[in-house]
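Residues per chain are reported as follows:
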Amino acid sequence: MNESYTKKKRIINDMKFNLSELFGKSFQNFKEDYTTSSTNTKNRNFILFFSNFLLSFLIFILRKPDSVLKAQLWAEDGQIFLRDEWVTGFPDTFFFLYAGYIHFVPRFIAFFANLFPYESIPLVFNLCAIFISAISVSIFSLTKFRYILRSDFLRTIVIVLLCCSPVGIESFNNITNVHFFLSLGVFLLAIMGGELNGFSYLLITIYVLLGIFSAPLAICYAPLFLIRPFLFKFDRKRWVYLVLFVIGLGYGILMFYLGSRDSVVGIDWNYFLNPIHIEKLIRLIVATYFMNTNSVEFITYHKYFWILEVILLYFYFKKFKIQGFQTSILLGGFLITVLIPVLLRGGLSLNEEQATYITLVNGAKESFYFLNVINLMINRYGLVPYFLFCILTFVLLFEKNKTQSTIHFQVLVVVVFLFVIRNSLFIKPYEDLKWDQYADMVKNKTDVSIPVNPIWFPKIEIKKDSWK
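We now turn to the structure provided with this report. (Residues numbered from 1 in each chain as written. Predicted model: local features only at pLDDT ≥ 70, side-chain atom pairs only at ≥ 80, totals over all residues. Heavy atoms only, no water.)

**Side note on the overall build of the protein chain**
Okay, step 1: Regarding its fold elements, the protein chain presents 21 helices and two strands.
Okay, step 2: Classification of the 468 residues of the protein chain by burial places 52% in the buried group.
Okay, step 3: Pairs at least 24 apart in sequence give 77% of the contacts found in the protein chain among residues at least 6 apart.
Okay, step 4: Of the roughly 22,600 Å² that the protein chain leaves accessible, carbon and sulfur atoms contribute 66%. (Helix = DSSP H or I, 4+ residues; strand = E, 2+ residues; numbered from the N terminus. Buried < 20%, exposed > 50% of the residue type's maximum accessible area, 1.4 Å probe, protein only. Contact = heavy atoms within 4.5 Å. Areas by Shrake-Rupley, 256 points an atom, 1.4 Å probe, with all protein chains shown as cover.)

Next comes the structure, spelled out in structure tokens:
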């Protein structure tokens, strides 16, 4: 009896030691890669970033050329941000909460666009959105992310796939939804490796503050700003990241208290304590990238996507000693982008088509969450999850130092992603609502009622005595 107990105890102790050694080695690799990333590559960084920025800018325009050639406002671009600028004006509008949080970037762009002739306002809005989006995705091209994905070429491929996202296509080239790109940028800057000079800290601070005060999801990444102060103890300027952490955390708590707390009342938190439920939600979300969500086949076949999960988990554990912490950060970021929207917006009503799926999914509670996940992730709320899923997949499936020996596998993965984006490369143009014909009314500050896309969205309604 004692001998058997001793043997079991020895086995358990050996397992604990092996796991401790595994985590220790993984952390040391992470620390070394993180701190030495992008050493002496200043010129390379500029070339990579600028070329990827131009490429991204071009892709966004090619996907939706009417956003530049026949610019139209989208939803809150006009009815909220531009109208508030005409009625109140910046900086007073900075303190106006909408959907429970501040929108600094849209408010400032509305102020900036209003400096141009009336006819050019939609074009200025859209160009600013494209500019911010291109900058955000291009951050990943910097050599400071080699500790995550070593190949500069592969990171460029990832950026192209980010620009060609098959979900949330209404989120491209408009200011209303640019906060999703800001969220990605904040996440990337929070985990950026390598040494930073004073100018880099300045640019990062400006971007992150713009993101935090415009993108609610970006606030969730505040804890990641503790990585640099912890690992770069010799860097005197690391306090900048501590400040960004404090600001992000404090503002996040405040915004949740002021604007979002009521939207989570109906959520059954116990449902998410079961890992099986979370796995099903993640599998459903990943399936949306590959399947037609308007088909009953989606519910029928999405269950087989556990095979993809097994493959990704296999590579996750296989590479844990080499890149365990890097991939864990990406996986954690992906889970946040998945679960936060579902939790905060889980009570969305279902449309008639989705209601027909109820009989195909077992359990009323599963039906509720599953169908709302479909509703959320095929539109703009699926944009950031796709971004991080794309990055995580490439990091997991490509060996860190052996990009040449796996060329066939690389091609296969790229082909799979091309299959994912095949039907969504070109976005349907907005309806031309004859923006120019309202110019005289705006210049004379008379009563106006200006329609915006989508056509069912409330118009820009301003009475004569309401103009600032």
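**Some remarks on the packing of aromatic side chains**
Aromatic ring pairs are defined here through the distance separating the ring centres and the angle between the ring planes.
Okay, step 1: Within this structure, the stated rule accounts for 44 aromatic pairs.
Okay, step 2: Pairing Phe94 with Phe95 gives two aromatic rings, centres 5.1 Å apart and planes at 85°, and the pair type is edge-to-face.
Okay, step 3: Ring centres 5.7 Å apart and planes at 70° place the aromatic pair Phe172 and Phe181 in the edge-to-face group. For the pair Phe172 and Phe181, one class covers both residues: buried.
Okay, step 4: Through pairs of rings, three or more aromatic residues link up here, namely Phe27, Phe30, Tyr34, Tyr147, Phe230, Phe232, Phe234 and Phe325.
Okay, step 5: Over the ring of Phe172 we find Arg63; its NZ or CZ atom is 4.5 Å from the centre of that ring.
Okay, step 6: Positioned above the aromatic ring of Tyr430 is the side chain of Lys64, whose terminal nitrogen or guanidinium carbon lies 3.3 Å from the ring centre. (Phe/Tyr/Trp six-rings, centres within 6.5 Å; stacked < 30°, edge-to-face > 60°. Lys NZ or Arg CZ within 6 Å of the ring centre and 35° of its normal.)

**A few points about helix α9 (residues 198-212)**
Okay, step 1: Counted at 1.5 Å a residue, the expected span for α9 with its 15 residues is 21 Å, and the 21 Å between its end C-alpha atoms agrees.
Okay, step 2: The complete set of buried residues in α9 reads Tyr201, Ile204, Thr205, Tyr207, Val208, Gly211 and Ile212.
Okay, step 3: For α9, the N-terminal cap is Asn197; the gap from its side-chain oxygen to the backbone nitrogen of Phe199 is 3.2 Å. (Expected span 1.5 Å × (residues − 1). Polar contact = N/O pair within 3.5 Å; in protein donor to acceptor, adjacent residues only side chain to side chain.)

**Some words on unusual backbone geometry**
Okay, step 1: Here the bond from Phe90 into Pro91 is cis, since omega is 10°, no more than 30 degrees from zero.
Okay, step 2: Within the fold, Pro91 resides in the loop between α4 (76-87) and α5 (104-113).
Okay, step 3: Backbone torsion omega between Asn453 and Pro454 reads -10°, so that peptide bond is classified as cis.
Okay, step 4: Within the secondary structure, Pro454 sits in the loop between β1 (448-450) and β2 (460-462).
Okay, step 5: Positive phi outside glycine occurs at Ala75, with the angle close to 50°.
Okay, step 6: For Ala75, the position within the fold is in the loop between α3 (66-69) and α4.
Okay, step 7: A relative accessible area of 4% places Ala75 in the buried class.
Okay, step 8: Residue Asn173 is not a glycine yet carries a positive backbone phi of 65°.

**Considering the packing of helix α2 (residues 42-63) against helix α6 (residues 121-138)**
Okay, step 1: Here α2 crosses α6 at 135°, and the two axes come no closer than 8 Å. What the angle tells us is that α2 and α6 run oblique. You can see that α2 and α6 cross each other, and the crossing is right-handed. Residues Phe49, Asn52, Phe53, Ser56, Phe57, Phe60 and Ile61 of α2 lie in contact with α6, whose contacting residues are Leu127, Ile130, Phe131, Ser133, Ala134, Ile135, Val137 and Ser138.
Okay, step 2: Of the residues assigned to the contact of α2 with α6, the class counts are 11 nonpolar, four polar and no charged. (Axes fitted to C-alpha atoms, helices over the stretch in contact; angles between N-to-C directions. Parallel < 35°, antiparallel > 145°, perpendicular 65-115°, else oblique. Left-handed = near helix turned anticlockwise from the far one by under 90°. Nonpolar A, V, L, I, M, F, W, Y, C, P; charged D, E, K, R; others polar.)

**Brief notes about the state of the cysteines**
Okay, step 1: In the structure shown here, the tally under the stated rule is zero disulfides.
Okay, step 2: Distance from the sulfur of Cys164, which forms no disulfide, to the nearest cysteine sulfur (Cys163) is 6.4 Å.
Okay, step 3: When its relative accessible area of 7% is taken as the criterion, Cys164 is described as buried. (Disulfide = S-S within 2.5 Å.)

**Focus on the nonpolar core**
Okay, step 1: By size, the foremost hydrophobic cluster in this structure holds 133 residues, and its most contacted members are Trp86, Ile191 and Phe394.
Okay, step 2: A total of 13 residues in this core trace back to one element, the largest contributor, which is helix α19 (residues 383-397).
Okay, step 3: Residue assignment places this core across two domains, with domain 1 (40-262 + 427-467) and domain 2 (264-399) each supplying three or more.
Okay, step 4: The residues touching Ile191, leaving out its near neighbours within four places in the chain, are Tyr34, Phe145, Tyr147, Ile148, Leu224, Ile227, Ile329 and Leu330. (Core = buried A, V, L, I, M, F, W, Y, C linked by side-chain atoms within 4.5 Å. Domains from an automatic or database assignment.)

**Comments concerning the packing of helix α8 (residues 179-190) against α9**
Okay, step 1: In the contact formed by α8 and α9, the axes pass within 9 Å of each other and the chain directions differ by 135°. Judged on the interaxial angle alone, α9 and α8 are oblique. Crossing hand, α8 versus α9: left-handed. The residues of α9 that touch α8, namely those facing Phe181, Leu182, Gly185, Val186 and Leu189, are Ile204, Tyr207, Val208, Leu210 and Gly211.

**A few points about a nonpolar patch on the surface**
Okay, step 1: Taken together, the side chains of Tyr304, Trp306, Ile307, Val310 and Ile311 make up a nonpolar region of the molecular surface, amounting to roughly 480 Å² of accessible area.
Okay, step 2: You can see Val310 is positioned in helix α15 (residues 306-318). (Patch = residues over 30% accessible without salt bridge, like charges linked within 9 Å, V, L, I, M, F, W, Y side chains within 5 Å. Salt bridge = Lys/Arg side-chain N within 4 Å of Asp/Glu carboxyl O.)

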